[in-house]
Amino acid sequence: MSKHGVRPGKLRISGNEGPGARVELDGQDIANIITGLTLRLGVGEMPTATLDLVVQDFGAEADVRFVVPDECRDLLVRLGWTPPAEEAQS
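Residues numbered from 1 in each chain as written. Predicted model: local features only at pLDDT ≥ 70, side-chain atom pairs only at ≥ 80, totals over all residues. Heavy atoms only, no water.

> When you look at the sheet that holds strand 1 (residues 11-15) in this model, what are you seeing that I'm missing?
Through backbone hydrogen bonds, the strands of a sheet pair up, either in parallel or in antiparallel fashion. Reading across from one edge, 1-2-3 is the order of the three strands in this open sheet, with antiparallel pairing throughout. One side of each edge strand has no neighbouring strand; the edge strands of this open sheet are strand 1 and strand 3 (28-29). Pairing analysis gives two bridges linking strand 2 (residues 21-25) to strand 3, with the strands arranged antiparallel. Within strand 3, the residue paired with Leu25 across the bridge is Gln28. (Pairing = 2+ DSSP bridges. Helix = DSSP H or I, 4+ residues; strand = E, 2+ residues; numbered from the N terminus.)

> Got a minute to help me understand a nonpolar patch on the surface in this structure?
On the surface, Ile33, Leu51 and Leu53 cluster together into a nonpolar patch covering about 240 Å² of accessible area. Its place among the elements puts Leu51 in strand 5 (residues 48-53). When its relative accessible area of 30% is taken as the criterion, Leu51 is described as partly exposed. (Patch = residues over 30% accessible without salt bridge, like charges linked within 9 Å, V, L, I, M, F, W, Y side chains within 5 Å. Areas by Shrake-Rupley, 256 points an atom, 1.4 Å probe, with all protein chains shown as cover. Salt bridge = Lys/Arg side-chain N within 4 Å of Asp/Glu carboxyl O. Buried < 20%, exposed > 50% of the residue type's maximum accessible area, 1.4 Å probe, protein only.)

> Mind showing me how you'd approach the environment of Thr48 here?
Structurally, Thr48 is set in strand 5. A C-alpha to C-alpha distance of 9.3 Å links Thr48 and Val6, two positions 42 residues apart in sequence.

> What should I look at first to understand the side chain of Glu24 in this one?
For Glu24, the location among the structural elements is in strand 2. On the accessibility criterion, Glu24 (16% relative accessible area) is buried. A polar contact is formed between the side chain of Glu24 and the side chain of Arg22, at a distance of 2.6 Å. If we ignore the near neighbours within four places in the chain, the residues touching Glu24 are Lys10, Leu11, Arg12 and Asp29. (Polar contact = N/O pair within 3.5 Å; in protein donor to acceptor, adjacent residues only side chain to side chain. Contact = heavy atoms within 4.5 Å.)

Written out as structure tokens, the structure is:
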């Protein structure tokens, strides 16, 4: 698991009578910015919560250069990904 974006926090989930739930991270309600939450509990380990965030359209468009870290690239290649032609030549 990547260590990027990993930090301790206090998570509180409380249900209500309708659909959905109140989800608080460090006292701040974040239910409106997540589409899902996976909670992993392991013996002798601190529980891990993985948040699925709402992707919002910011109305921006730009040409960008995508950077794939070497560790991720190596894994993708092992899983069958073919790097773009210009990358394969370098």
